[in-house]
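Structural features, examined
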Amino acid sequence: MNRVWERYSLSQRLVRFGFYFLFVAAVVQSIRQVEVIPEFLLDAPEQMADLFGRMWPVDWAHYSGSVHDALIETIHIASLGTIISVLLAVPIGLLAANNLTPNRLINTLARLVLVSSRSVNSLVWALLFIAIFGPGPLAGTMAIAFRSIGFVGKLVGESVEEAQRGSIEALTSVGASTGALIQYGYWPQIKPAFWSIVLLRWDINVRESAVLGLVGAGGIGMALDTALNLFQWDRVAVILISIFVIVILAEIVITRIRQKIL
């Protein structure tokens, strides 16, 4: 009996067909749910051209008036929020690492905290802290911090779990304490990953803190929200350009620091 080679078996073809069918069905259902109006899509280029026309010429004089101070405040929110998140996330990340914290209850609770932090968007965190502290940069700083705990803690915990066991077992065999294990066994191995995580999170936080002001949490977003509400499109252009420039500069700074310390 001659055997015929087939790339996929019948069961594999059925699985692939089912996957493609579900994917197409999900896309169609999503388009129906968001209620895409064809007339608006056809009119979009004309509306965009009109909007950019209103933004020109750019009101550069507005930058020194309020945009500069708001931009500096945004950087402060991102930086201080990142520092607070690292201080809170590292202990939780260590508790979430299976090889460092064998207690299942503590390990599960730590992972729950990390998941809870990541599951809430920074804008939602901002709204919660605005209700507690009132509008302003303090609410934005805490929102950035609590949003970042899950990110930093999860990656730190995974770095600890992936550490090589050689030096750890050597320290354990001579009766080293948990603090000594972390300082001399784990830290030298996770140090590059740790600084990469912190720098990456700060870069992300600069971007996120730029929009927190839209809900009243301080920073450049508040200036943007004011300009949008007053239809001051020439000032909106200044703010958008400033946000773009600061994001690019943050990327350059991150790259330079990584080259120096990693």
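Here, the structure is the one placed above.
Criteria and cut-off values
Residues numbered from 1 in each chain as written. Predicted model: local features only at pLDDT ≥ 70, side-chain atom pairs only at ≥ 80, totals over all residues. Heavy atoms only, no water. Phe/Tyr/Trp six-rings, centres within 6.5 Å; stacked < 30°, edge-to-face > 60°. Helix = DSSP H or I, 4+ residues; strand = E, 2+ residues; numbered from the N terminus. Buried < 20%, exposed > 50% of the residue type's maximum accessible area, 1.4 Å probe, protein only. Axes fitted to C-alpha atoms, helices over the stretch in contact; angles between N-to-C directions. Parallel < 35°, antiparallel > 145°, perpendicular 65-115°, else oblique. Left-handed = near helix turned anticlockwise from the far one by under 90°. Contact = heavy atoms within 4.5 Å. Nonpolar A, V, L, I, M, F, W, Y, C, P; charged D, E, K, R; others polar. Patch = residues over 30% accessible without salt bridge, like charges linked within 9 Å, V, L, I, M, F, W, Y side chains within 5 Å. Areas by Shrake-Rupley, 256 points an atom, 1.4 Å probe, with all protein chains shown as cover. Salt bridge = Lys/Arg side-chain N within 4 Å of Asp/Glu carboxyl O. Core = buried A, V, L, I, M, F, W, Y, C linked by side-chain atoms within 4.5 Å. Expected span 1.5 Å × (residues − 1). Arc of directions from axis to C-beta. Polar contact = N/O pair within 3.5 Å; in protein donor to acceptor, adjacent residues only side chain to side chain.

Section: the packing of aromatic side chains
Each aromatic ring pair is summarised here by two numbers: the centre-to-centre distance and the angle between the ring planes. Counting across every chain of the model gives seven aromatic pairs. The interplanar angle of 25° and the centroid separation of 6.0 Å between the aromatic rings of Trp125 and Phe129 together place this pair among those described as stacked. In this pair, Trp125 and Phe129 both sit in helix α5 (residues 122-133), four residues apart, roughly one turn of the helix. In this structure, Trp125 and Phe129 share a single accessibility class: buried. Consider the rings of Phe129 and Phe146, whose centres lie 5.1 Å apart with planes at 55°: the pair is tilted. With Phe129 in helix α5 and Phe146 in helix α6 (residues 137-161), this pair connects stretches of sequence that are 17 residues apart.

A short note on the packing of helix α7 (residues 165-173) against helix α8 (residues 178-212)
Between α7 and α8, whose axes approach to 9 Å, the crossing angle comes to 170°. When the axes of α7 and α8 are compared, the pair comes out roughly antiparallel. In terms of crossing hand, the pair formed by α7 and α8 is right-handed. Taking contact as the criterion, the partners of Arg165, Ser167, Ile168, Leu171 and Thr172 in α7 are, on α8, Ala180, Leu181, Tyr184, Gly185, Tyr186 and Gln189. Its residues placed into classes, the contact of α7 with α8 shows six nonpolar, four polar and one charged.

Concerning a nonpolar patch on the surface
On the surface, a nonpolar cluster with roughly 660 Å² of combined accessible area is contributed by Trp60, Ile241, Phe244, Val245, Ile248, Leu249 and Ile252. Topologically, Ile241 is positioned in helix α10 (residues 233-261). Exposure remark for Ile241: the relative accessible area of 33% places this residue in the partly exposed category.

Structural notes on the pattern of salt bridges
Tallying each qualifying case throughout the model produces four salt bridges. Between Glu208 and Arg201 there is a salt bridge, with the nearest N and O atoms lying 3.4 Å from each other. Notably, a salt bridge pairs Arg207 with Glu251, separated by 3.6 Å at the nearest N-O pair. In this pair, Arg207 sits in helix α8 while Glu251 sits in helix α10, placing the two residues 44 residues apart along the sequence. Overall, the relative accessible area of 35% leaves Glu251 in the partly exposed class. What emerges from the salt-bridge pattern is a single network uniting Asp203, Arg207 and Glu251.

Comments concerning the environment of His62
Counting through the fold element by element, His62 comes out in helix α3 (residues 61-96). Along the backbone, His62 and Ile239 are 177 residues apart, and their C-alpha atoms lie at a distance of 9.0 Å. Ignoring sequence-local partners within four residues, the contact set of His62 consists of Val67 and Arg235.

Topic: the nonpolar core
Side chains that are nonpolar tend, in soluble globular proteins, to be buried together. Core analysis: the largest hydrophobic core is formed by 18 residues, its most contacted members being Met55, Val67, Ile220, Val236, Ile239 and Ile243. Sorting elements by how many residues they give to this core places α10 first, with eight residues. Counting 12 residues, the second-largest nonpolar core is a separate cluster that includes Ala89, Ile92, Leu114 and Val198.

Brief notes about the packing of α6 against α8
When two helices pack together, their arrangement is given by the angle between the helix axes and by the axis-to-axis distance. Contact geometry of α6 with α8 gives a least axis separation of 9 Å together with a crossing angle of 155°. Put simply, α6 runs roughly antiparallel to α8. Here α6 and α8 pass one another in a crossing that is right-handed. Along the contact surface, α6 presents Gly140, Ala143, Ile144, Arg147, Ser148, Phe151, Val152, Leu155, Val156, Ser159 and Val160, while α8 presents Tyr186, Ile190, Ala193, Phe194, Ile197, Leu200, Arg201, Ile204, Asn205, Glu208, Ser209 and Leu212. Grouping the amino acids of the contact of α6 with α8 by side-chain chemistry returns 15 nonpolar, five polar and three charged.

A closer look at the side chain of Asn205
Within the element layout of this structure, Asn205 appears in helix α8. With residues up to four places along the chain from it excluded, the contact list for Asn205 reads Ala78, Thr82, Ile144 and Ser148.

Considering α5
Here α5 spans 16 Å end to end across 12 residues, near enough to the 16 Å set by a 1.5 Å rise per residue. Buried within α5 we find Ser122, Trp125, Ala126, Phe129 and Ile130. End-on, the buried residues of α5 take up no more than an arc of 140°, which puts them together on one face. The secondary structure elements touched by the buried residues of α5 are α4 (104-119), α6 and α8. Regarding α5, its N-cap is Asn121, as a side-chain oxygen of that residue lies 2.9 Å from the backbone nitrogen of Leu123 further along.

What about the side chain of Thr74?
Examined against the element boundaries, Thr74 turns out to sit in helix α3. Discounting chain neighbours no more than four positions away, the residues touching Thr74 are Val206, Ser209, Ala210, Gly219 and Ile220.

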